[in-house]
Amino acid sequence: QVQVVESGGGLVQAGGSLRLSCAASGNIFSINAMGWYRQAPGKKRELVATITSGGKTNYADSVKGRFTISRDNGKNTVFLQMNSLKPEDTAVYYCNAHTLPVEYWGQGTQVTVSS
């Protein structure tokens, strides 16, 4: 079992920055990738960024150049640095820990970007 807990959401003006954190605990050695997803009202959950245990990253086109995913292996924590935020980035952001064959999700953290 793996537990993931997000933190760092909030309200920010357009053009501002936020940093999300996701702390993993439990059977962390089973995790082969972690990532951030988001879900806006009335929309499907979508991928934002992922990072593998080897450090390979992947980003949605909509956030490339603005968001950066990173990890602190010593603290079992993944970060999402979000810069140049836009109102369309408003969503609940979820942390994901991918193991085989199970994926684990956090409870989500709200990010609201005002125009």
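As shown above, the structure is provided for reference.
Since the model is a prediction, treat every value here as computed from it, not as a measurement. (Residues numbered from 1 in each chain as written. Predicted model: local features only at pLDDT ≥ 70, side-chain atom pairs only at ≥ 80, totals over all residues. Heavy atoms only, no water.)

> Please set out the overall build of the protein residue by residue, giving values where relevant.
Per the secondary structure count, the protein includes zero helices and 11 strands. The order of helices and strands in the protein, counted from the N terminus, is β-β-β-β-β-β-β-β-β-β-β. The globule rule puts the C-alpha radius of gyration for 115 residues at 13 Å, and the 13 Å found for the protein is close to it. Along the three orthogonal principal directions, the C-alpha set of the protein runs to about 40 × 25 × 20 Å. (Helix = DSSP H or I, 4+ residues; strand = E, 2+ residues; numbered from the N terminus. Rg over C-alpha atoms; globule rule 2.2 N^0.38 Å.)

> Help me get a handle on the state of the cysteines, residues and values and all.
If you walk through the whole model with that rule in mind, you get one disulfide. Linked covalently through their sulfurs, Cys22 and Cys95 form a disulfide whose S-S length is 1.9 Å. Residues Cys22 and Cys95 share a disulfide whose torsion about the S-S bond is about -80°; that sign makes it left-handed. With Cys22 in strand E3 (residues 18-26) and Cys95 in strand E9 (residues 91-98), this pair connects stretches of sequence that are 73 residues apart. According to the relative accessible area criterion, Cys95 is buried, its value standing at 0%. (Disulfide = S-S within 2.5 Å. Buried < 20%, exposed > 50% of the residue type's maximum accessible area, 1.4 Å probe, protein only.)

> Give me the lowdown on the pairing of strand E11 (residues 109-114), citing residues and values where you can.
By the alternation rule, side chains of E11 split into Thr109, Val111 and Val113, which are all buried, and Gln110, Thr112 and Ser114, of which none is buried. As defined by bridge partners, strand E2 (residues 10-13) adjoins E11 across four bridges and the pair is classed as parallel. In the strand pairing of E11, Gln13 is matched with Ser114. As defined by bridge partners, E9 adjoins E11 across three bridges and the pair is classed as antiparallel. Each residue of the ladder has a partner; that of Ala91, found in E11, is Val111. (Pairing = 2+ DSSP bridges.)

> Residue-level account of the layout of surface pockets, with values.
Taken as a whole, the largest pocket holds about 200 Å³ of empty space. Looking at the largest pocket, the residues that line it are Ala24, Ile28, Phe29, Ile31, Met34, Ser53, Arg71, Asp72, Asn73, Asn76, Thr77 and Val78. Breaking the lining of the largest pocket down by element, the ones donating at least two residues are strand E7 (67-72) and strand E8 (77-82). Looking at the lining of the largest pocket residue by residue, the classes come out as six nonpolar, four polar and two charged. (1 Å grid on protein atoms, 1.4 Å probe; cavity = no way out; pocket = protein on both sides within 12 Å on 5 of 7 lines; lining within 4 Å. Points joined across faces, edges and corners; volume = space filled by probe spheres on them. Nonpolar A, V, L, I, M, F, W, Y, C, P; charged D, E, K, R; others polar.)

> How would you explain the packing of aromatic side chains if you had to name every residue and give the values?
Applying the stated rule across the entire model yields one aromatic pair. Both rings, one in Tyr37 and one in Trp105, keep their centres 5.1 Å apart while their planes meet at 70°; by these two values the pair is edge-to-face. Here Tyr37, found in strand E4 (residues 33-39), pairs with Trp105, found in strand E10 (residues 103-105); they are 68 residues apart in sequence, far enough to count as distant. Residue classification places Tyr37 among the buried positions, given a relative accessible area of 18%. We classify Trp105 as partly exposed; its relative accessible area is 36%. In this structure, Arg45 packs its charged tip against the face of Trp105, placed 4.6 Å from the ring centre. (Phe/Tyr/Trp six-rings, centres within 6.5 Å; stacked < 30°, edge-to-face > 60°. Lys NZ or Arg CZ within 6 Å of the ring centre and 35° of its normal.)

All we've got here are geometric facts, nothing functional implied.
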